[in-house]
Amino acid sequence: MSDSVPPVTETVPVTETLPVGNILKGDGKGTGDDFDAVKRTAEISWNIREALRASLPAPREQFFTVMVPGKVVNFADYSEGFDMDGNPTAPILPTVTELNQAILCDDMPALAPVQLGPTGKSVARSYDAAISKLVPAGTTVGVDVKDANNLTEEEARYAKAMQWLTYADPENKDRTRVELYTEKQRHYTNVVERKTKAFNDALQLVKDDPRNTSLPLQRAAYDVWVSENARSYRNLMQGAYMDWVVTGKKEEVEYWFSIVDRDSAMARVEASKAAMRVAVVQDTDGSVEYQKVRLEPSDWAIKAKRKALSGKNQTRTVEWYTWEITRLQKMNGMLTALKNKKPVDIPNTPGPVSDEQKALTDAMADFIDKREAWQDAAAKKDLDESKKEEAYTAYKDARTKVRKAEANLSTANVRGMNANSTIAQDRLFNNLQGDSGLAATELENNNRRISEYEKLRDALLTKSEGANNTLVQELEDETGVPKAQVDPESQRANDDEDYFTAITVEVESASSTEKSKSHASASSFGASVGWGFWSAGASGSSSNSSAETESHMAKNSCKISFECMRVDIQRNWLRSELFYDADLTTGPNEFISPGFGKLRDLMEGQEPDADPETIEKELERYSTFPLYPTAFLLAANVVLEMTGETTDVQTSFQQSAVSGGGSFGYGPFRISASHSESDSSASASCDTTADGCRITIKSPQIIGWVSQMVPALPRLRNQAIPT
């Protein structure tokens, strides 16, 4: 069912504990013969599971299971029916998307905190088997009559009801009242079915109409058809219903039938089975049917794809803190120099350029007079030519003086502007310098931030703000202080549509502690005994190298950060209220669930005074349907910051990328370094860091399930039913 899990030849029962000693211990090639790979896998996955539980709290009756390896999401399988903004492109979800979602959500989780691969058990078939074990909690009146001649009041009412129902109808003597009732009921049902078919056909017609090129146009055309035809079909349904009520004596029949049908709880069970038979989607070849599911958010695949394409892990890492601390320390060197510099004396601001302005005014007045005199002289015909020439020369001289006065004024203004700019710059520097200057304030802010970052570097949780003034930023550029890295948390989408939660986990190296979690290593894994360590996805000669690479990865310390989205699963055909129904219980020697608390203790290996064999037998007794998945957990933008000896890891990663055979894992995360894989699973990179290496996995992966546990069946005395 999962394209990220290799085929298995044999499936271990869900409650069987794997023989850890037989599953790929070290091969002596640098990993150590005593290294227990599966136990280490369980420990890493357990730590991730606990981080998920802490960040995504759930009610006590819900159980978290981490799946190893995770399932890489192929967006094409789940995106049809939505555009890239997550808006529906069709009135109903396409069949292919419904089918892929139904297949995805039909695998039962293992009865363990960590599971290796799919269990192969169907949710729908397990549910059907579980409700088939339900029987009425009490006896039915009329089935066992002790004295036919001396009926109790309840037995007498039962006999009267049976007599009324089975007698012929006075107005239709060839049929009993029940037969007449069912006839009218059938007629009403047929009318409803015709109405439903007509509406579905109309919807298909508007979708097929080439004039309806968009979803709003399709909706508008459909609404027009509904407005024209809905009243007619409503009248037909109303007439059929009235015939059923009056002629078929609907209310009377149902009243007397309620006295006979004391087993109404079982009717609810059968109704759930009927709903299962209706809510199906067929496989592409029509050979297999799956029960439909509805996922929320419905466009989860689009959101995951956008998150992967954004490539932004919004979790602050140790490296981010270290970079910021170093940058702030370099800036502080510059700020300290500014703080220690004494302020300079600033001269007065130059006065207005009144002399140049007055000279221009005088020159302009003289120019106007000389121009008028020249024009007057030129107009006089009897005036001597020498006088006219003299007037013209005076005019030209006056014009030259005006231009010179204008140039002098411009020069004076520029000189004054430069002086003002220098004075303003000096004032800015004076504002920065000294114990009360801006540099001192910024230095204090930086020191506070450095102290805060140093405290929070290991915790990886902080939200801090700070800004430099413009002049300080210019000085940073001139002195070579590096620019600040983008704050990952500042990139978080500022809306209610970001369904992802930042998760951080720290895993110690295998050699630094001997206290592996016993309850994690004793988990029951639904996996194939034939698998190696984490089911290396390469074949032939590359499988051994992948297993060795994974062993090296597992032994190192690792700081894990990723973003997780919970996608809820709704199954309209699954009636969980049946398991809480006081009128229902299980038949003799039939077991469904031991109850929330005990089931959790059994799955986590914490049942008091119980050895692994006893726990295994107990879980086997309740293996039919003790829980069912109600959500899956999708991780995106995974970053593994590994510390220690990672040379072999980096070398193997590079070789795998070149050879095209690389697919390995760390905990639930699948890492693909192959160029030949699809786009959804090929986004992985390995970069060298000061302490080891950083592996980045962009491709979203389903890494776990959240399951609803079933209350105790058979019932526990005095068990409280959660509200």
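Residues numbered from 1 in each chain as written. Predicted model: local features only at pLDDT ≥ 70, side-chain atom pairs only at ≥ 80, totals over all residues. Heavy atoms only, no water.

**With respect to the state of the cysteines**
Part 1: What the rule picks out here adds up to zero disulfides.
Part 2: The thiol sulfur of Cys 686 is not disulfide-bonded, and the nearest other cysteine sulfur, from Cys 693, lies at 4.1 Å.
Part 3: Judged by relative accessible area, which is 0%, Cys 693 ranks as buried. (Disulfide = S-S within 2.5 Å. Buried < 20%, exposed > 50% of the residue type's maximum accessible area, 1.4 Å probe, protein only.)

**Here's the deal with the confidence of the model for the protein**
As a note on interpretation, predicted positions should not be read in detail where pLDDT is low.
Part 1: For the protein, per-residue confidence averages 75 on the pLDDT scale, and residues scoring 70 or more make up 72% of the total.
Part 2: Considering only residues more than four positions removed or in separate chains, one finds that residues 1–33, a stretch of pLDDT under 50, has 81 contacts. (pLDDT = per-residue confidence, 0-100. Contact = heavy atoms within 4.5 Å.)

**A few points about the pattern of salt bridges**
Part 1: The full count for this structure, using the stated rule, is 29 salt bridges.
Part 2: Between Arg 175 and Asp 174 there is a salt bridge, with the nearest N and O atoms lying 3.6 Å from each other.
Part 3: Note that Asp 223 is salt-bridged to Arg 219, the shortest N-O span being 3.3 Å. Remark: Arg 219 and Asp 223 occur in helix H6 (residues 215–246); sequence separation between them is four residues, near one turn of the helix. (Salt bridge = Lys/Arg side-chain N within 4 Å of Asp/Glu carboxyl O. Helix = DSSP H or I, 4+ residues; strand = E, 2+ residues; numbered from the N terminus.)

**Observations regarding the packing of helix H17 (residues 596–603) against helix H18 (residues 612–621)**
Part 1: Direction vectors running N to C along H17 and H18 enclose 130 degrees, while the axes themselves pass 10 Å from each other. On the basis of their axis angle, the class for H17 and H18 is oblique. As H17 packs across H18, the resulting crossing turns out to be left-handed. In this structure, H17 uses Lys 598, Leu 599, Leu 602 and Met 603 to contact H18, whose residues at the interface are Ile 615, Glu 618 and Leu 619.
Part 2: Per-class residue counts for the contact of H17 with H18 are five nonpolar, no polar and two charged. (Axes fitted to C-alpha atoms, helices over the stretch in contact; angles between N-to-C directions. Parallel < 35°, antiparallel > 145°, perpendicular 65-115°, else oblique. Left-handed = near helix turned anticlockwise from the far one by under 90°. Nonpolar A, V, L, I, M, F, W, Y, C, P; charged D, E, K, R; others polar.)

**Quick word on the packing of helix H5 (residues 177–208) against H6**
Part 1: Running from amino to carboxyl end, H5 crosses H6 at an angle of 175 degrees, the nearest separation of the two axes being 10 Å. As the angle between them shows, H5 and H6 are arranged roughly antiparallel.
Part 2: Of the residues belonging to the contact of H5 with H6, the class tally is 20 nonpolar, three polar and five charged.

**Here's the deal with the packing of aromatic side chains**
Two measures describe an aromatic ring pair: the distance that separates the ring centres and the angle between the ring planes.
Part 1: Taken as a whole and assessed by the stated rule, the structure comprises 23 aromatic pairs.
Part 2: A network of ring pairs unites the aromatic residues Tyr 127, Trp 573, Phe 579, Phe 625 and Tyr 628 as a single cluster.
Part 3: Directly above the aromatic system of Trp 46 lies the positively charged group of Arg 49, at a separation of 5.1 Å from the ring centroid.
Part 4: Between Lys 195 and the ring centre of Phe 199, over which it is positioned, the NZ or CZ distance is 4.6 Å. (Phe/Tyr/Trp six-rings, centres within 6.5 Å; stacked < 30°, edge-to-face > 60°. Lys NZ or Arg CZ within 6 Å of the ring centre and 35° of its normal.)

**Regarding the nonpolar core**
Part 1: Counting 35 residues, the largest nonpolar core has Leu 52, Phe 562 and Leu 640 as its most contacted members.
Part 2: With six residues, strand S12 (residues 627–643) is the largest single contributor of residues to this core.
Part 3: Membership of the second largest hydrophobic core comes to 22 residues, among which are Tyr 127, Phe 579, Leu 584 and Phe 625. (Core = buried A, V, L, I, M, F, W, Y, C linked by side-chain atoms within 4.5 Å.)

**Section: the environment of Val 66**
Part 1: Mapped onto the elements, Val 66 comes out in strand S1 (residues 62–72).
Part 2: For the pair Val 66 and Gly 117, spaced 51 residues apart in sequence, the C-alpha to C-alpha distance is 9.9 Å.
Part 3: The contact partners of Val 66, leaving out residues within four places of it in the chain, are Ser 45, Arg 49, Leu 52, Pro 113, Val 114, Gln 115, Pro 668, Ile 703 and Gly 704.

**A look at helix H3 (residues 123–131)**
Part 1: Within H3, burial applies to Val 123, Ala 124, Ser 126, Tyr 127, Ala 130 and Ile 131. Seen end-on, H3 carries its buried residues on one side only, within an arc spanning 165 degrees.
Part 2: Taking the backbone nitrogen of Ala 124 as reference, a side-chain oxygen 3.3 Å away marks Ser 122 as the first, capping residue of H3. (Arc of directions from axis to C-beta. Polar contact = N/O pair within 3.5 Å; in protein donor to acceptor, adjacent residues only side chain to side chain.)

**With respect to the pairing of S1**
Part 1: Most of S1 is tucked away: 11 of the 11 residues are buried.
Part 2: Bridge count between S1 and strand S17 (residues 701–709): seven bridges; the pairing is antiparallel. Counted as the bridge partner of Gln 62 is Gln 708 from S17.
Part 3: Alignment of S1 against strand S2 (residues 114–116), held across three bridges, turns out to be parallel. For Val 66, the partnering residue across the bridge sits in S2 and is Val 114.
Part 4: Since S1 and S2 lie parallel, the crossover through helix H2 (residues 95–104) that links them has a hand, and here it is left-handed. (Pairing = 2+ DSSP bridges. Right-handed = clockwise from strand over helix to strand, strands pointing away.)

**Concerning the pairing of S12**
Part 1: Of all 17 residues in S12, 16 are buried, a share of seventy percent or more.
Part 2: Bridge analysis of strand S10 (residues 557–570) against S12 gives 11 bridges, and the strand direction is antiparallel. From the neighbouring strand, Lys 559 faces S12, where its bridge partner is Glu 641.
Part 3: Pairing analysis gives eight bridges linking S12 to S17, with the strands arranged antiparallel. Its bridge partner being in S17, Leu 634 is matched across the sheet by Ile 702.

**Topic: unusual backbone geometry**
Part 1: In this structure, Pro 297 follows Glu 296 across a cis peptide bond, with omega equal to 5 degrees.
Part 2: By the secondary structure assignment, Pro 297 is in the loop between strand S8 (294–296) and helix H9 (300–310).
Part 3: The backbone of Asn 589 shows a phi angle near 60 degrees, a positive value even though the residue is not glycine.
Part 4: With respect to the secondary-structure elements, Asn 589 resides in the loop between strand S11 (584–586) and H17.
Part 5: Although it is not a glycine, Asn 637 adopts a positive phi angle of roughly 50 degrees.
Part 6: Note on placement: Asn 637 falls in strand S12.

**A closer look at the side chain of Ser 272**
Part 1: Along the chain, the position of Ser 272 falls in helix H8 (residues 264–278).
Part 2: With residues near it in sequence (within four places) discarded, Ser 272 still touches Tyr 127, Ile 131, Trp 573, Arg 575 and Leu 578.

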